[in-house]
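Results of the structural survey
Each chain, letter by letter, is given below.
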Amino acid sequence: MMRKKICSSCRHQNANESAFCTQCGAKLFSKNKPSSQLRILEGESTGSIYVINKSNNTIGRHSSNTIVIRDKQISTKHAEINFIEGRYWINDLNSKNGVIVNGREISGKACLFDGSLIKLGTSIIRFENQRTVKVKIND
């Protein structure tokens, strides 16, 4: 049995050592390296994409944050996203207007999944987490 990387975009089977899909050209990610990002869907920064890393990612209006979003309803240090035990978590940093994940205001922290919608101030943000899907294929 040979292991193959399955493209998360087009589901094409690629050689395990491939970095890009041979069908559609999308980047293939290794199993141990999540590639995550925040995509601004609505608000002042609509269309912006911010890459999330495994270390502490702070979100707010102030330039000292990892992710700066110029939204008057977002606190200077509004929230943080961390990678803990194989999952991404968002934590409200006692912001004035709170953090809403998938329609529910959180208190403390909440786990993020691919496609989770986050509302910070007037901004709507989609969390995107793409991991390589590896399957065993009989040759």
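Attention here is on the structure that accompanies the text. (Residues numbered from 1 in each chain as written. Predicted model: local features only at pLDDT ≥ 70, side-chain atom pairs only at ≥ 80, totals over all residues. Heavy atoms only, no water.)

For the rest of this paragraph, the subject is the pattern of salt bridges. Per the stated rule, a full pass over the model turns up two salt bridges. The salt bridge partner of E128 is R39, with a shortest N-O separation of 2.8 Å. Highlighted residues: E128 in strand β13 (residues 123-130) and R39 in strand β3 (residues 35-42), separated in sequence by 89 residues. Judged by its relative accessible area of 26%, R39 is partly exposed. Linking E128 and R126 is a salt bridge whose minimum nitrogen-to-oxygen distance equals 2.8 Å. For E128, a relative accessible area of 7% corresponds to the buried category. A network of salt bridges, in which partner residues are shared, links R39, R126 and E128. (Salt bridge = Lys/Arg side-chain N within 4 Å of Asp/Glu carboxyl O. Helix = DSSP H or I, 4+ residues; strand = E, 2+ residues; numbered from the N terminus. Buried < 20%, exposed > 50% of the residue type's maximum accessible area, 1.4 Å probe, protein only.)

Strand order across the open sheet formed by five strands is β6-β5-β7-β8-β11, with mixed pairing between neighbours. Sheet topology places β6 (67-68) and β11 (109-112) at the edges, where each strand pairs with a single neighbour. Pairing geometry for strand β8 (residues 87-92) and β11, over four bridges, is antiparallel. Bridge assignment links Y88 to a residue of β11, and that residue is L112. (Pairing = 2+ DSSP bridges.)

Attention shifts here to the side chain of N57. The residue N57 is located in strand β5 (residues 57-60) in this model. Within polar-contact distance, the side chain of N57 engages the backbone oxygen of N53 at 2.8 Å. Among all residues touching N57, those that are not within four sequence positions of it are I52, T66, A79, E80, I81 and N82. (Polar contact = N/O pair within 3.5 Å; in protein donor to acceptor, adjacent residues only side chain to side chain. Contact = heavy atoms within 4.5 Å.)

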